[in-house]
Amino acid sequence: MAAGMAGLAGLDRETLDLTLEAIRDFAAERLPDDVLLDLDAKDEFPVDVVRAMCGDELGVQLLFIPEEYEGMGGGAFDVYRVCEELARIDLGVATGVLATFLGCDPIVFGGTGEQKQRWMTRIASEGLLMAYCATEPDAGSDLGALRSVAVPVQDNGHLTGYRITGNKCWISNGGFADLYSVLALTPGGPSWFVVERGAEGLSWGKPEDKHGIRASNTAQVHFDDVEVTADDLVGGVEGQGLIQAQLVFGYTRLMVAAFGLGGGWASLDRAIPYSQERVQAGGPLSEKQGFTHKLIVPHAVRLEAARAFIEETAERIDAGTPGDGGDNLNTEGAIAKYMASEAGNAAADAAVQAHGGYGYVREYMVEKIRRDVRITTIYEGTSEILEMTIARDRWQLHLKTRGAHYRQLAERARADAAAHPDCGGATAALALAAVAAVMEHCRAGRLTRNQHVLFRLGELISWAESAAVFARRAARAADGTLSDKAHRRVPPPVLAAMARVFAREAAHKVALDGLRWVIGAGGEGEAAPLAAEVALGDVALAQAGSLADMDLVADALYQRRSAPPPSAGNGPVH
Ligand SMILES: Cc1cc2nc3c(=O)[nH]c(=O)nc-3n(C[C@H](O)[C@H](O)[C@H](O)COP(=O)(O)OP(=O)(O)OC[C@H]3O[C@@H](n4cnc5c(N)ncnc54)[C@H](O)[C@@H]3O)c2cc1C
């Protein structure tokens, strides 16, 4: 664990709750649905609202600024909760806030003490908006292809500053930021600089006319011989840029994971009450299993599985424990973002379907949410890049442990299941053991030469790990041992049912897709042994009870019949 990431302190529960409440109150007053629809239609960035959020009125930016620089010193867990709350309101506005969070990160985790003092205190007290300028026209997923340059300026042989030249694209807050974090190539390698608005040679293009998050500003940013001082080089040493970006991936990806979660729930929060009102064929849609078990229940389950993974990763970041690969939880952050953003997209799509023709028009909001949440599988690492990252990282673990890694995780899930047989741990163990078998066959047959096989492994790994984490957290919820800040709107018996539903889906997916890709990539001879190793029969038998569990989850979401009461002091499941 890098020093920069360790010991993110975190708020106490009361402060976090008050912060979330303040955001909800602010949104109710300043960002009701009609205002949001109007901003979307006009393609308008509500700069005053975002400034109020990041300034004196709400002060959201204080959350991620350490206390020593006049901030609140929130941890990864707090940032996740706040990002989810912002996303539930509007992903465009949330992106305007996120850009400041991201823009700050190189300073928080890579800046010198003097730089932190200089910039963080200003961001805290003046509520400055920031932009994070990494992407370029030819350097998107592959930041190594960066072309912007920072040429050293010397005076009598002493380095006094740099001149930055280059074009950045897709920059959130690009036309409105007060401070720009910019990644540029120095002689020593890629490095972050901070540039102030008003610097000579700094300009931006017209706002992009986007598919979604239209209430955010996205623009090209041009640097034409922009002069900065040597003190504006973050960390004071050249060539640290990609390392500094890497340091915080676990953390920054959690923010976008929380966006997927918030966007997904925002859409279900509309589809659920809508389906209680909408009567077709003699009864409300909410009473029709063919509707609920396709369009509502699986999405609530996948979102809560993603939440479990986000929460566990956030807690590990805040505790300063390393990831399974011994790193800064980058792989775990990637899994969290991948699963949450994919689940958020699927949920929003289903919410449009759940509204029928009404979902296809703007008035019901789900149409806008569907377009908004689309961005979460694109920015901060596309889903495909995350699949690659996850597969490569875990492949290393597979090789290093000679295939034992996932077998051990399966053992652990089975052991957990002995104490809590009702939380899906045994089925999650089937998924993990199947991952171990599939990876081993891929190794023996050298099948990851096929990029598609590697990427699909990333998907299967993410499902299996998520199933195990969900089962574990459901068991902890049942024991009452989750941290006091954990999200508690789902009562423990419902969480257990959700974990069972998710584990069944994960085991089924890993076993069948694993077979499919191994055989599809030329491993026909492996069909019989692999089918036995992924325990196809057990995976099929594990599906027993799935309809009853889905009924139970539906009853909880609709607060009817057999639904257990919500946990003390908490609202309904949705
Ligand atoms: C609205 C919006 C806001 C944004 N805000 C910011 C911001 O504030 N700051 C910032 O720096 N950037 C920002 N971005 C940029 C964003 O991070 C990039 O768009 C993203 O990283 C993808 O890069 P790209 O668009 O160049 O796509 P590409 O990298 O060209 O990818 C295109 C497709 O190819 C796939 N792909 C790419 N590489 C591979 C590979 N090696 N193997 C297989 N498939 C591959 C991708 O998954 C994707 O599906 C924003 C983008 C948008 C749309």
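What you are looking at is a predicted structure, and each value in this text was computed from that prediction instead of being measured.

A. Highlighting the side chain of Lys337. By the element assignment, Lys337 lies in helix H11 (residues 330-354). A polar contact is formed between the side chain of Lys337 and the backbone oxygen of Thr376, at a distance of 2.7 Å. Those residues in contact with Lys337, other than ones at most four positions away along the chain, are Arg253, Val256, Ala257, Glu342, Thr376, Thr377, Ile378, Tyr379, Glu380, Gly381 and Leu386.

B. The arrangement of the nonpolar core in detail. Ranked by size, the top nonpolar core spans 177 residues in total, and within it Phe101, Phe502 and Leu557 carry the most contacts. In this structure, Cys133, Ala150, Phe193 and Phe223 belong to the second largest nonpolar core, which totals 18 residues.

C. Summary view of the environment of Ser546. Position of Ser546 among the secondary structure elements: in helix H20 (residues 546-557). What makes Ser546 buried here is its relative accessible area of 19%.

D. Looking closely at the pattern of salt bridges. Considering all chains together, one arrives at 44 salt bridges under this definition. For Arg163, the salt bridge goes to Glu227, with nearest N and O atoms at 2.9 Å. Here Glu227 lies in strand E7 (residues 218-229) and Arg163 lies in strand E3 (residues 158-172), a separation of 64 residues in the sequence. A relative accessible area of 47% places Glu227 in the partly exposed class. Between Glu315 and Arg476 there is a salt bridge, with its nearest N and O atoms 3.9 Å apart. On the criterion of sequence distance, the pair formed by Glu315 in helix H10 (residues 297-319) and Arg476 in helix H16 (residues 451-479) is long-range, its members being 161 residues apart. Residue classification places Arg476 among the partly exposed residues on the basis of a relative accessible area of 26%. Among the charged side chains, a salt-bridge network with shared partners connects Asp40, Asp209, Arg214, Arg362, Glu367 and Arg371.

E. Broad picture of the packing of aromatic side chains. Scanning all chains against the criterion turns up twelve aromatic pairs. A ring pair is formed by Phe109 and Tyr251, whose centres lie 5.5 Å apart and whose planes are at 75°; its orientation type is edge-to-face. Residue Phe109 is located in helix H5 (residues 91-110), and its partner Tyr251 is located in helix H8 (residues 249-277); the two are separated by 142 residues in the primary sequence. Since its relative accessible area comes to 9%, Phe109 is described here as buried. The class of Tyr251 is buried, set by a relative accessible area of 3%. A ring pair is formed by Trp463 and Phe502, whose centres lie 4.9 Å apart and whose planes are at 5°; its orientation type is stacked.

F. Broad picture of the site of the ligand. Looking at the ligand, there are 20 residues lining it, with Tyr132, Thr135, Ser141, Thr382 and Glu384 nearest. Within the backbone of Trp170, an N or O atom sits 2.8 Å from a nitrogen atom of the ligand. Thr382 places a side-chain nitrogen or oxygen 2.7 Å from an oxygen atom of the ligand. In isolation the ligand has 980 Å² of accessible area, and contact with the protein removes 67% of it. Among the elements of the structure, E3, helix H13 (383-400) and H16 are those that each provide at least two residues to the shell around the ligand. Among the elements that line the shell around the ligand, the one with the most residues is E3, at three residues. Partitioning the shell around the ligand into residue classes produces ten nonpolar, seven polar and three charged.

G. Up close: the packing of H10 against H20. The N-to-C vectors of H10 and H20 enclose an angle of 85°; their axes lie 10 Å apart at closest approach. One way to sum up the angle between H10 and H20 is to call them roughly perpendicular. For the pair H10 and H20, contact is made by Val297, Pro298, Ala300 and Val301 and by Met550, Val553, Ala554 and Leu557, respectively.

H. The arrangement of the environment of Gly74 in detail. Mapping Gly74 onto the fold places it in the loop between helix H3 (47-54) and helix H4 (76-89). Judged by its relative accessible area of 6%, Gly74 falls in the buried class. Between the C-alpha atom of Gly74 and that of Ala336, which follows or precedes it by 262 residues, the distance is 19 Å. In contact with Gly74, not counting residues within four places along its chain, are Gly10, Leu11 and Leu63.

Procedures and definitions
- Residue positions are given per chain, counting from 1 as you read along its sequence in written order.
- Restriction of local features to residues with pLDDT of at least 70 applies here, the model being predicted, together with a cutoff of 80 or more for giving and counting side-chain atom pairs; totals for whole chains, interfaces and linings are based on all residues.
- Note that water and hydrogens are dropped before the side-chain values are worked out from all heavy atoms of the structure.
- Secondary structure is summarised from DSSP: a helix means a run of H or I of at least four residues, a strand means a run of E of at least two, and numbering begins at the N terminus for each.
- What qualifies as a polar contact is a pair of N or O atoms within 3.5 Å, subject to a donor-acceptor requirement within protein and to the restriction that residues adjacent in sequence count only when both atoms come from side chains.
- In this description, contact between two residues means that some pair of their heavy atoms is separated by no more than 4.5 Å.
- Nine residue types can take part in a nonpolar core, namely buried Ala, Val, Leu, Ile, Met, Phe, Trp, Tyr and Cys, and a core is a set of them joined through side-chain atoms within 4.5 Å.
- Accessibility here uses a 1.4 Å probe with only protein chains present; expressed as a share of the type maximum, an area under 20% marks a residue as buried, one over 50% as exposed, and anything in between as partly exposed.
- Think of a salt bridge as a Lys or Arg side-chain nitrogen and an Asp or Glu carboxyl oxygen that are within 4 Å of each other.
- Aromatic rings from Phe, Tyr and Trp, with only the six-membered ring used for Trp, were paired whenever their centres fell within 6.5 Å, and each pair was classed as stacked if the ring planes differed by under 30 degrees, edge-to-face if by over 60, and tilted otherwise.
- Any residue with a heavy atom lying within 4 Å of a molecule or strand is counted as near it.
- Here, Shrake-Rupley sampling with a 1.4 Å probe gives the accessible areas, and only protein chains in the shown set may cover a residue.
- Think of it as three bins: nonpolar holds Ala, Val, Leu, Ile, Met, Phe, Trp, Tyr, Cys and Pro, charged holds Asp, Glu, Lys and Arg, and polar takes everything else, Gly as well.
- Here an angle of 0 to 180 degrees is reported between the N-to-C directions of two axes, which are lines fitted to C-alpha atoms, with helices fitted over the stretch in contact.
- Our angle categories are set so that under 35 degrees counts as roughly parallel, over 145 as roughly antiparallel, 65 to 115 as roughly perpendicular, and the remainder as oblique.

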